[in-house]
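Now for the letters of each chain:
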Amino acid sequence: MLVNASEMLTKAKAGHYAVGHFNTNNLEWTKAILQTAEEMKSPVIIGVSEGAAKYMTGFKVVADMVKAMDKALGITVPVALHLDHGSYEGAKACIDAGFTSIMFDGSHYGIEENVEKTKELVALAHEKGLSIEAEVGSIGGEEDGVIGAGEVADPEECKMIADLGVDFLAAGIGNIHGKYPANWKGLDFVALDKIQAKTGTLPLVLHGGTGIPADMIAKAIDLGVSKINVNTECQLSFAEATRKYIEAGKDLEGKGFDPRKLLAPGVDAIKATVREKIELFGSAGKA
Ligand SMILES: [Zn+2]
């Protein structure tokens, strides 16, 4: 069932668990995420970056695929289709394409421009029943070719954006997209505590969920994080399983080259990763 992400995240915040946001890249990813969420009776957010949407030939194609697959698989758990790190134009396009949730990432603008654009998109999204995530303090690492330094958000700026009526807020606390370097200092819990003190019951979002140790995840949830984004980890598990299949020469045996066989170990690996994260985030059985 496609819904916006507002209610599932409000419940998560009140219930002290987090809902996983898993990025999709194609049909296989989407199917693996939907089936695993259903098996675990967990609410789920399917995230799509603008780059991944372009790869899949457009926002409308993504929205139609996710909706049709959700229906065809008889999914009963709440599923939100969410634009990840949307530009101003991309966010508007997704409202029209049939997404149920958007993120507007205005963190690279000055705070005044971020406020102005977020405010406008909050009105547009809410008018159509979508939920909206905004961002303060850029997330480190690389996403779709944009490299961020991993800032720590200013709690006052977080409050300014929260007061615009956004449904959930991504605030940088030293988290990074992609793999974490060996010398990473960890999440800034002092900053997270201050941000939550300013934003109250607003669900907070932790980007860069790949490779954050379980104890840090638990502490982040304890301090108000209700949505955790996972992208790279599914890609790594898919690639590793596919590599093993090919290195074992299985694509050369019989009809092992058939994409339904060739991609199957990768899909199973994504499912295992999604399952592990849902357990870690505590959202199993919460649908
Ligand atoms: Zn992100």
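Just above, that's the structure.
Quick caveat: nothing in here was measured; it's all calculated off a predicted structure. (Residues numbered from 1 in each chain as written. Predicted model: local features only at pLDDT ≥ 70, side-chain atom pairs only at ≥ 80, totals over all residues. Heavy atoms only, no water.)

Some points on the packing of helix 2 (residues 27-39) against helix 4 (residues 59-72)
Basically, it comes down to this: The convention used is that axes are lines fitted to C-alpha atoms, helices contributing only their stretch in contact, and that angles between N-to-C directions extend from 0 to 180 degrees. Under the DSSP-based scheme used, a helix requires at least four consecutive residues in state H or I and a strand at least two consecutive residues in state E, with every element numbered from the N terminus. Each angle is binned into one of four classes, with values under 35 degrees roughly parallel, values over 145 roughly antiparallel, values of 65 to 115 roughly perpendicular, and all other values oblique. Left-handed describes a crossing in which the near helix is turned anticlockwise from the far one by less than a right angle; the clockwise case is right-handed. What makes two residues a contact is simply this: any of their non-hydrogen atoms within 4.5 Å. For this classification, Asp, Glu, Lys and Arg are treated as charged, while Ala, Val, Leu, Ile, Met, Phe, Trp, Tyr, Cys and Pro are nonpolar and the rest, including Gly, are polar.
Two elements in contact, helix 2 and helix 4, have axes separated by 11 Å at closest approach and are oriented at 40 degrees. Looking at the two axes, helix 2 sits oblique to helix 4. When you trace helix 2 past helix 4, the crossing you get is right-handed. Packed against helix 2, whose contacting residues are L27, T30, K31 and L34, the element helix 4 presents M65, V66, M69 and D70 at the interface. A class-by-class count of the residues in the contact of helix 2 with helix 4 yields 5 nonpolar, 1 polar and 2 charged.

Let's talk about the nonpolar core
Counted only if it meets this: The term nonpolar core refers to a set of buried residues drawn from Ala, Val, Leu, Ile, Met, Phe, Trp, Tyr and Cys, joined through side-chain atoms within 4.5 Å. Throughout, exposure labels follow a simple rule: accessible area from a 1.4 Å probe, protein chains only, divided by the maximum for the residue type, with under 20% read as buried, over 50% as exposed, and the rest as partly exposed.
Of all hydrophobic cores here, the largest spans 77 residues; its most connected members are F99, I102, L187 and L206. Take this core: its biggest share by element is 6 residues, from helix 4. If we skip the residues at most four places from it in the chain, F99 touches V48, F59, V62, A63, L81, H82, L83, C94 and L130. Of all hydrophobic cores here, the second largest spans 12 residues; its members include A5, L9, Y17 and F168.

Things to note about helix 7 (residues 155-162)
Let me state the cut-off plainly: By construction, the arc corresponds to the directions joining the helix axis to the C-beta atoms. Within 3.5 Å is the distance limit for a polar contact, defined as a pair of N or O atoms, with the added protein rule that one can donate a hydrogen and the other accept it, and that residues adjacent in sequence qualify only through two side-chain atoms.
Within helix 7, the full set of buried residues consists of P155, C158, I161 and A162. Angularly, the buried residues of helix 7 cover 115 degrees about the axis, an arc narrow enough to put them on a single face. Of the surrounding elements, those touching the buried residues of helix 7 are helix 6 (111-127), strand 5 (131-136), strand 8 (168-171) and helix 8 (189-199). Sitting at the amino-terminal end of helix 7 is D154, which places a side-chain oxygen 3.0 Å from the backbone nitrogen of E156.

Overview of the side chain of H82
Note that H82 resides in strand 3 (residues 79-84). Taking relative accessible area as the criterion, H82 reaches 0% and is therefore assigned buried. In contact with H82, other than residues within four places in its own chain, are H21, I45, I46, G47, V48, F99, S101, I102, M103, E133, F168 and K227.

Considering the pattern of salt bridges
Which entries qualify depends on this criterion: Just to be clear on terms, a salt bridge is a Lys or Arg side-chain nitrogen sitting within 4 Å of an Asp or Glu carboxyl oxygen.
Applying the stated criterion to the full structure yields 14 salt bridges. Across the pair E7 and K11 runs a salt bridge whose closest N-O atoms are separated by 3.4 Å. Of this pair, E7 and K11 both sit in helix 1 (residues 6-15), 4 residues apart, which is roughly one turn of the helix. Residue K244 is joined to E240 by a salt bridge in which the shortest nitrogen-to-oxygen separation is 3.8 Å.

Digging into the coordination of the zinc ion
The line we're drawing: Distances decide who is a donor: an N, O or S atom must be within 2.8 Å of the metal, or within 3.2 Å for Na, K and Ca. Water is not included, so sites may look incomplete.
Each protein donor to the zinc ion is listed here as H85 (NE2), H177 (NE2) and H207 (ND1); together their distances run 2.0 Å. Each donor residue of the zinc ion lies on the same chain, and together they follow the pattern H-x91-H-x29-H. Placement of H177 in the loop between strand 8 and helix 8 and of H207 in the loop between strand 9 (204-206) and helix 9 (214-222) is noted, with a sequence separation of 30 residues between them. Take H177: its relative accessible area is 11%, and that puts it in the buried class. A relative accessible area of 0% means that H207 is categorised as buried.

Focus on the environment of G209
With respect to the helices and strands, the residue G209 is situated in the loop between strand 9 and helix 9. Apart from residues no more than four positions distant in its own chain, G209 is found in contact with I228, N229, E233 and K277.

Some thoughts on helix 4
We apply this condition: The span expected for a helix works out to 1.5 Å for each residue beyond the first.
A rise of 1.5 Å per residue sets the reference length of helix 4, with its 14 residues, at 20 Å; its end C-alpha atoms lie 20 Å apart and thus fit the reference within 8%. Taken residue by residue, helix 4 has F59, V62, A63, M65, V66, M69 and D70 as its buried positions. One face of helix 4 carries all of its buried residues, which in axial projection span an arc of 165 degrees. Pointing more than 90 degrees away from the buried face of helix 4 are the exposed residues K71 and A72.

As for the pairing of strand 5
Every regular strand shows the same layout, with side chains that alternate between the two sheet faces. Stated formally: A crossover counts as right-handed when, viewed with the strands pointing away from the observer, the path leading from the first strand over the helix to the second turns clockwise. We call two strands paired when DSSP finds no fewer than two bridges between them.
With 6 of 6 residues buried, strand 5 is to be regarded as a mostly interior element. A crossover connection joins strand 4 (residues 101-104) to the parallel strand 5 through helix 6; in handedness this β-α-β unit is right-handed. Note that strand 5 and strand 8 share 4 bridges and pair parallel. Across the sheet, the residue bridging to V136 is A171, located in strand 8.

Quick word on unusual backbone geometry
Backbone geometry places T57, a non-glycine residue, at a positive phi of 75 degrees. Along the chain, T57 turns up in the loop between helix 3 (50-55) and helix 4. Overall, the relative accessible area of 63% leaves T57 in the exposed class. Positive phi outside glycine occurs at H85, with the angle close to 50 degrees. If you trace the backbone, H85 turns up in the loop between strand 3 and helix 5 (88-97). With a relative accessible area of 16%, H85 lands in the buried category.

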